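These are the residues of each chain, in order.
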Amino acid sequence: MKLFTLILLAALSISCQKVTTSRLSKVNKLPKVLNEISGITVLPNHKLYAINDSGNDNTLFILSQKGNIEQQVKIPNAKNIDWEDLAYDKNNTIYIGDFGNNKNKRKDLTIYKVSGILTNTINVSKIEFVFEDQKKFPPKKKNLNFDVEAFIHLNHSLYLFTKNRSSKSEGITKLYKVSDSSGKHIAKLVGTYEVCENSSDCFITGAAINQSQNKIALLTHQNVILLSNFKDDNLFNGSIKNLKLHHYSQKEGICFKNDTTLFITDEKTGDKKACLYEYQLE
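Residues numbered from 1 in each chain as written. Predicted model: local features only at pLDDT ≥ 70, side-chain atom pairs only at ≥ 80, totals over all residues. Heavy atoms only, no water.

In a beta sheet, neighbouring strands pair by backbone hydrogen bonds and run either parallel or antiparallel. Overall, antiparallel pairing links the four strands, which are arranged β1-β20-β19-β18 in an open sheet. In this open sheet, the two edge strands, each paired with only one partner strand, are β1 (24-29) and β18 (251-258). Each strand of the sheet is rotated relative to its neighbour by a mean of 25°, with strand direction disregarded. By the bridge criterion, five bridges tie β1 to strand β20 (residues 275-280) in an arrangement that is antiparallel. In the strand pairing of β20, Lys-26 is matched with Tyr-277. (Pairing = 2+ DSSP bridges. Helix = DSSP H or I, 4+ residues; strand = E, 2+ residues; numbered from the N terminus. Axes fitted to C-alpha atoms, helices over the stretch in contact; angles between N-to-C directions.)

Written out as structure tokens, the structure is:
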């Protein structure tokens, strides 16, 4: 009996450990209109801003931190070809990444620069760009590494992380730098990183930087890659931690709630509704 009790206590202890090791918690299910949510960010008003991806219109959704829609804003002079992520700078400007490029053949990659969102005096301009190392549209299947679903704003530049669709990807994401000024630009290749060896979870689907601009979070379907102590343009040259979420879904949106907490969203898949989560960093 004593042995059985010890075994039972050990089993319960292991079970509790499994529950507490995952710091991901569901905040709420998202409204149906956000079934294809693809990017999120937080502004100083503590509201969440969100977009849907291709097949949807040019709407920017303003949410409470519980995931409830408070306002919907049509972005003028902007078309949603494949909106994939949001970034934000310290001048109350939102950047909408219309750079989804599944087939790697787009020649109209665009980032919409939206100012005045907090004062209802919206002004929209365009940042158009091409990749410096893309010569064919599309390239060969082994070189399909020009799809982007994640970016951040840092020091007057935008940093883009590719979603590698190559037949021989080896889990490599490429990092590009683009000016945050309106106009036409060339995206400069400034770094690469091997995300993982398991091809089922090598896609970078979202990115975020904290308010202090010393931590960057990259999102995959079941992990967060946390970058810190980075210098210069190659953001992979500092410390890198791979944090397992212990939860698999089509996660595509990430942003910092504060320095210790992330917001994460996933899309509707089958009968599973799109959700908003919080993740506690160590």
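Overall, the coordinates contain twelve salt bridges when judged by the stated rule. The partner of Lys-47 in a salt bridge is Glu-70, with the nearest N and O atoms 2.9 Å apart. Pair noted here: Lys-47 is in the loop between β2 (37-42) and β3 (48-52) and Glu-70 is in strand β5 (residues 69-74), with a separation of 23 residues, a long-range link. According to the relative accessible area criterion, Lys-47 is partly exposed, its value standing at 25%. Taking the shortest distance from any N to any O, the salt bridge between Asp-98 and Arg-106 comes out at 3.3 Å. By relative accessible area, Asp-98 is classed as buried at 1%. The class of Arg-106 is buried, set by a relative accessible area of 12%. Among the ionic contacts, a cluster of salt bridges with common partners joins Asp-147, Glu-149, Lys-163 and Arg-165. (Salt bridge = Lys/Arg side-chain N within 4 Å of Asp/Glu carboxyl O. Buried < 20%, exposed > 50% of the residue type's maximum accessible area, 1.4 Å probe, protein only.)

With that out of the way, let us pick up the state of the cysteines. Overall, the coordinates contain one disulfide when judged by the stated rule. One disulfide bridge connects Cys-196 with Cys-202, the sulfur atoms lying 2.2 Å from each other. Taking the torsion about the S-S bond as the criterion, the Cys-196 to Cys-202 disulfide, at about -125°, is left-handed. Overall, Cys-196 belongs to the buried group, its relative accessible area being 16%. Here Cys-255 is not cross-linked by a disulfide; its sulfur's nearest cysteine counterpart is in Cys-275, at 16 Å. (Disulfide = S-S within 2.5 Å.)

With that settled, consider a positive patch on the surface. Where like charges cluster on the molecular surface, the positive patch consists of Lys-26, Lys-29, Lys-32, Lys-268 and Lys-273. Within the element layout of this structure, Lys-32 appears in the loop between β1 and β2. You can call Lys-32 exposed: its relative accessible area is 72%. (Patch = residues over 30% accessible without salt bridge, like charges linked within 9 Å, V, L, I, M, F, W, Y side chains within 5 Å. Areas by Shrake-Rupley, 256 points an atom, 1.4 Å probe, with all protein chains shown as cover. Lys, Arg positive; Asp, Glu negative; His and termini not counted. Charge placed at Lys NZ, Arg CZ, Asp CG, Glu CD.)

Under the criterion given, the structure shown has seven aromatic pairs. Ring geometry for Phe-129 versus Phe-131: centroids 5.6 Å apart, planes at 85°, classification edge-to-face. The exposure classification of Phe-129 matches that of Phe-131, with both residues buried. Ring centres 6.0 Å apart and planes at 80° place the aromatic pair Phe-161 and Phe-236 in the edge-to-face group. Of this pair, Phe-161 sits in strand β11 (residues 157-163) while Phe-236 sits in the loop between β16 (223-228) and β17 (239-244); the two residues are 75 residues apart in sequence, bridging distant segments of the chain. According to the relative accessible area criterion, Phe-161 is buried, its value standing at 0%. (Phe/Tyr/Trp six-rings, centres within 6.5 Å; stacked < 30°, edge-to-face > 60°.)

Turning our attention to unusual backbone geometry. Pro-138 follows Phe-137 through a cis peptide bond whose omega is 5°. Structurally, Pro-138 is set in the loop between β9 (123-131) and β10 (147-154). Phi is positive for His-246, close to 55°, though the residue is something other than glycine. Among the residues examined, His-246 registers a relative accessible area of 54% and is labelled exposed.

Taken as a whole, the protein shows an average pLDDT of 91; of its residues, 91% reach a score of 70 or greater. Within the model, pLDDT remains below 50 along residues 1-21, and this stretch shows one contact once partners closer than five positions in the same chain are excluded. (pLDDT = per-residue confidence, 0-100. Contact = heavy atoms within 4.5 Å.)

Looking at the element boundaries, Glu-252 is found in strand β18. As a buried residue without a salt bridge, Glu-252 has its nearest oppositely charged side chain in Lys-163, at a separation of 4.9 Å. Dropping the residues within four chain positions of it, Glu-252 is found in contact with Ile-37, Ser-38, Gly-39, Asp-53, Glu-84, Glu-149, Thr-205, Gly-206, Leu-219, Thr-265, Asp-266 and Glu-267.

Turning our eyes to something else, we now look at the pairing of β16. With five of six residues buried, β16 lies mostly within the body of the structure. Both strand β15 (residues 215-219) and β16 contribute to a ladder of five bridges, which runs antiparallel. The partner of Lys-215 across the bridge, within β16, is Ser-228. In terms of strand pairing, β16 meets β17 through six bridges, oriented antiparallel. In the sheet register, Val-224 faces β17, and the bridge partner there is Leu-243.

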